[in-house]
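Each chain, letter by letter, is given below.
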Amino acid sequence: MTVVTVVLALLAALSNASASVLQRRAAVQEPDRGGGAQSALRRLAGLLRRPSWLLGTGLLALSSVLQAGALATGSLSLVQPLLAAELLFTLAVGSVVFRRRPDIRTWLAFAALAGGLALFLLAAAPTPGRPTARPGAWLPGGCGALAAVVLLALAARPVRGASRAALLGLASAVTFATTAALLKEAVGRLAHGPAAMFTHWSLYATGAAGLVAFLLLQGALAAGSLTASQPALTLGDALTSVVLGWVLFDETIRLGLHVLPEVIGIALIGAGSIGLAHASSAAGEWDTTDPTDSPGSTTAVPRTPRG
């Protein structure tokens, strides 16, 4: 674990959190245009005219650069779990942007989620592993990730609200973790010169996977509150990355006596998830109104009609 890796990963987490908040704000401000592909395209066109959405997109791009730097100096299963700090950054930045504070139960639940993952990470102490994936490892790893994303996206179709936001957030998380793994594969080839990276398929697959992750994220942000989507997004990304690090890059975690704090960390994650589900803001109160509205306004986040 190097200081440079940790600093770059935390800056990427802050950038990601700010991007989510700003794009969530744009989603709240953009009126509902009904269902269907044409309505979705009209909504996207409207978002493209929102400065907060464009700034959020720029911060996502900055986060990718910071993440690439972190992955160049550290393991996938270290860098991605460090992005769990995004949970607390989301609440802090969201409180400023939406001019409303989440209730104390939401703060405590998010803290338990982030703290549990941090404890798991410290106890597991992932090893660096290989700079590039083992030959043939991308076939099972990539197919497994693709299957998970498709199943989660299908499961999200018939539901609405917080459930849809969480499922799409998790699908986006798996895709973002896969994007990070592809990025690590590409960056790892820089040791053989720039040509080795630019002529390898992983660099272009990174762009394609990143685009899918971005679109899934937009669906999650439009479906419901950050309280529902952000934990699934951040924790799903971290845990998927640990699995992909093991499958692809031979990264390992410590077992034996270290299992006890790892289990405690997982328990904290579970407790935080349960607490978040019961928090009053889980219904979507603190980030569902346009912060530019007057104090007496009741404008709420647009909802997709059922059916």
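Reading the values: rules and limits
- Residues numbered from 1 in each chain as written.
- Predicted model: local features only at pLDDT ≥ 70, side-chain atom pairs only at ≥ 80, totals over all residues.
- Heavy atoms only, no water.
- Helix = DSSP H or I, 4+ residues; strand = E, 2+ residues; numbered from the N terminus.
- Buried < 20%, exposed > 50% of the residue type's maximum accessible area, 1.4 Å probe, protein only.
- Areas by Shrake-Rupley, 256 points an atom, 1.4 Å probe, with all protein chains shown as cover.
- pLDDT = per-residue confidence, 0-100.
- Contact = heavy atoms within 4.5 Å.
- Phe/Tyr/Trp six-rings, centres within 6.5 Å; stacked < 30°, edge-to-face > 60°.
- 1 Å grid on protein atoms, 1.4 Å probe; cavity = no way out; pocket = protein on both sides within 12 Å on 5 of 7 lines; lining within 4 Å.
- Points joined across faces, edges and corners; volume = space filled by probe spheres on them.
- Salt bridge = Lys/Arg side-chain N within 4 Å of Asp/Glu carboxyl O.
- Polar contact = N/O pair within 3.5 Å; in protein donor to acceptor, adjacent residues only side chain to side chain.
- Expected span 1.5 Å × (residues − 1).
- Core = buried A, V, L, I, M, F, W, Y, C linked by side-chain atoms within 4.5 Å.
- Axes fitted to C-alpha atoms, helices over the stretch in contact; angles between N-to-C directions.
- Parallel < 35°, antiparallel > 145°, perpendicular 65-115°, else oblique.
- Left-handed = near helix turned anticlockwise from the far one by under 90°.
- Nonpolar A, V, L, I, M, F, W, Y, C, P; charged D, E, K, R; others polar.

Quick look at the overall build of the protein chain
Now for step 1: A tally of helices and strands in the protein chain yields 12 helices and 0 strands.
Now for step 2: By residue count, 49% of the 307 residues in the protein chain fall in the buried class.
Now for step 3: For the protein chain, the exposed surface amounts to about 13,800 Å²; the carbon and sulfur share of it is 71%.

A look at the confidence of the model for the protein chain
Now for step 1: A residue-level look at the protein chain finds 84% of positions with pLDDT of 70 or above and a mean pLDDT of 80.
Now for step 2: Element-level pLDDT for the protein chain is lowest in helix α2 (residues 37-47), with a mean of 67, against a maximum mean of 94 in helix α7 (residues 138-156).
Now for step 3: Every residue in residues 295-307 is under pLDDT 50, and counting partners more than four places away or in other chains gives 29 contacts.

Looking at the packing of aromatic side chains
Now for step 1: One pass over the structure, following the stated rule, counts 2 aromatic pairs.
Now for step 2: Relative to Phe 214, the ring of Trp 53 has its centre 5.8 Å away and its plane inclined at 70 degrees; by these criteria the two rings are edge-to-face. With Trp 53 in helix α3 (residues 51-73) and Phe 214 in helix α10 (residues 201-223), this pair connects stretches of sequence that are 161 residues apart.
Now for step 3: Given the relative accessible area of 4%, Trp 53 is considered buried.
Now for step 4: Residue classification places Phe 214 among the buried positions, given a relative accessible area of 16%.
Now for step 5: When the ring of Trp 138 is compared with that of Trp 201, the centres are 5.8 Å apart and the planes differ by 85 degrees; the resulting orientation is edge-to-face. With Trp 138 in helix α7 and Trp 201 in helix α10, the pair connects residues that are 63 residues apart, well separated along the chain.
Now for step 6: Overall, the relative accessible area of 44% leaves Trp 201 in the partly exposed class.

Brief notes about the layout of surface pockets
Now for step 1: Within this model, the second largest pocket holds a volume of roughly 390 Å³.
Now for step 2: For the second largest pocket, the lining is made up of 22 residues, of which Asn 16, Leu 60, Ser 64, Gln 67 and Phe 176 are closest to its centre.
Now for step 3: Broken down by secondary-structure element, the contributors of at least two residues to the lining of the second largest pocket are α1 (3-29), α3, α8 (161-188), α10 and α11 (226-249).
Now for step 4: With 6 residues, the single largest contributor to the lining of the second largest pocket is α3.

Digging into the pattern of salt bridges
Now for step 1: Under the defined criterion, the tally for this structure stands at 2 salt bridges.
Now for step 2: The residue Arg 134 makes a salt bridge to Asp 250 at a minimum N-O spacing of 2.8 Å. Of this pair, Arg 134 sits in the loop between α6 (104-124) and α7 while Asp 250 sits in the loop between α11 and α12 (259-278), placing them 116 residues apart in sequence.
Now for step 3: For Asp 250, a relative accessible area of 33% translates into the label partly exposed.

Overview of the environment of Ser 229
Now for step 1: Secondary-structure assignment places Ser 229 in helix α11.
Now for step 2: By relative accessible area, Ser 229 is classed as buried at 3%.
Now for step 3: A sequence separation of 209 residues divides Ser 229 from Ser 20, and the C-alpha atoms of the two residues are 9.8 Å apart.
Now for step 4: Those residues in contact with Ser 229, other than ones at most four positions away along the chain, are Ala 165, Gly 169, Ala 220 and Leu 221.

As for the side chain of Thr 179
Now for step 1: Along the chain, Thr 179 falls in helix α8.
Now for step 2: One polar contact links the side chain of Thr 179 to the main-chain amide nitrogen of Gly 210, over a distance of 3.4 Å.
Now for step 3: When neighbours within four sequence positions are excluded, Thr 179 is seen to be in contact with Thr 206, Ala 209, Gly 210 and Ala 213.

As for α10
Because an α-helix packs 3.6 residues into every turn, residues spaced three or four apart end up facing the same way.
Now for step 1: When the terminal C-alpha atoms of α10 are compared, their 33 Å separation across 23 residues agrees well with the 33 Å that a helix rising 1.5 Å per residue should span.
Now for step 2: Every buried residue of α10 is accounted for by Ser 202, Thr 206, Ala 209, Ala 213, Phe 214, Leu 216, Leu 217, Gln 218, Ala 220, Leu 221 and Ala 223.
Now for step 3: The secondary structure elements touched by the buried residues of α10 are α1, α3, α7, α8 and α11.

Brief notes about helix α5 (residues 86-97)
Now for step 1: Between the first and last C-alpha of α5 there are 16 Å, a value that for 12 residues agrees with the 16 Å anticipated at 1.5 Å per step.
Now for step 2: Every buried residue belonging to α5 is among Glu 86, Leu 87, Thr 90, Leu 91, Gly 94, Ser 95 and Val 97, and all of these are buried.
Now for step 3: Of the surrounding secondary structure, the elements contacted by the buried residues of α5 are α1, α6 and α11.

Side note on the nonpolar core
Now for step 1: The biggest cluster of nonpolar side chains holds 28 residues, and the ones touching the most others in it are Leu 76, Ala 181 and Leu 248.
Now for step 2: Listing elements by their share of this core, those giving two or more residues are α1, α3, α4 (76-82), α8 and α11.
Now for step 3: Once residues within four sequence positions are removed from consideration, Leu 76 is found in contact with Leu 71, Pro 81, Ala 180, Ala 181, Lys 184, Ser 241, Leu 244, Gly 245, Phe 249 and Glu 251.
Now for step 4: Residues Phe 98, Ala 173, Leu 226 and Leu 233 belong to the second largest nonpolar core, which totals 15 residues.

Digging into the packing of α5 against α11
The relative placement of two packed helices is expressed as an angle between their axes plus a distance between the axes.
Now for step 1: For the pair α5 and α11, interaxial distance at closest approach is 9 Å and the crossing angle is 155 degrees. In terms of orientation, α5 lies roughly antiparallel with respect to α11. The hand of the α5/α11 crossing is right-handed. When α5 is examined against α11, the residues Glu 86, Leu 87 and Thr 90 are found in contact with a partner set consisting of Leu 226, Gln 230, Pro 231, Leu 233, Thr 234 and Leu 235.
Now for step 2: Grouping the amino acids of the contact of α5 with α11 by side-chain chemistry returns 5 nonpolar, 3 polar and 1 charged.

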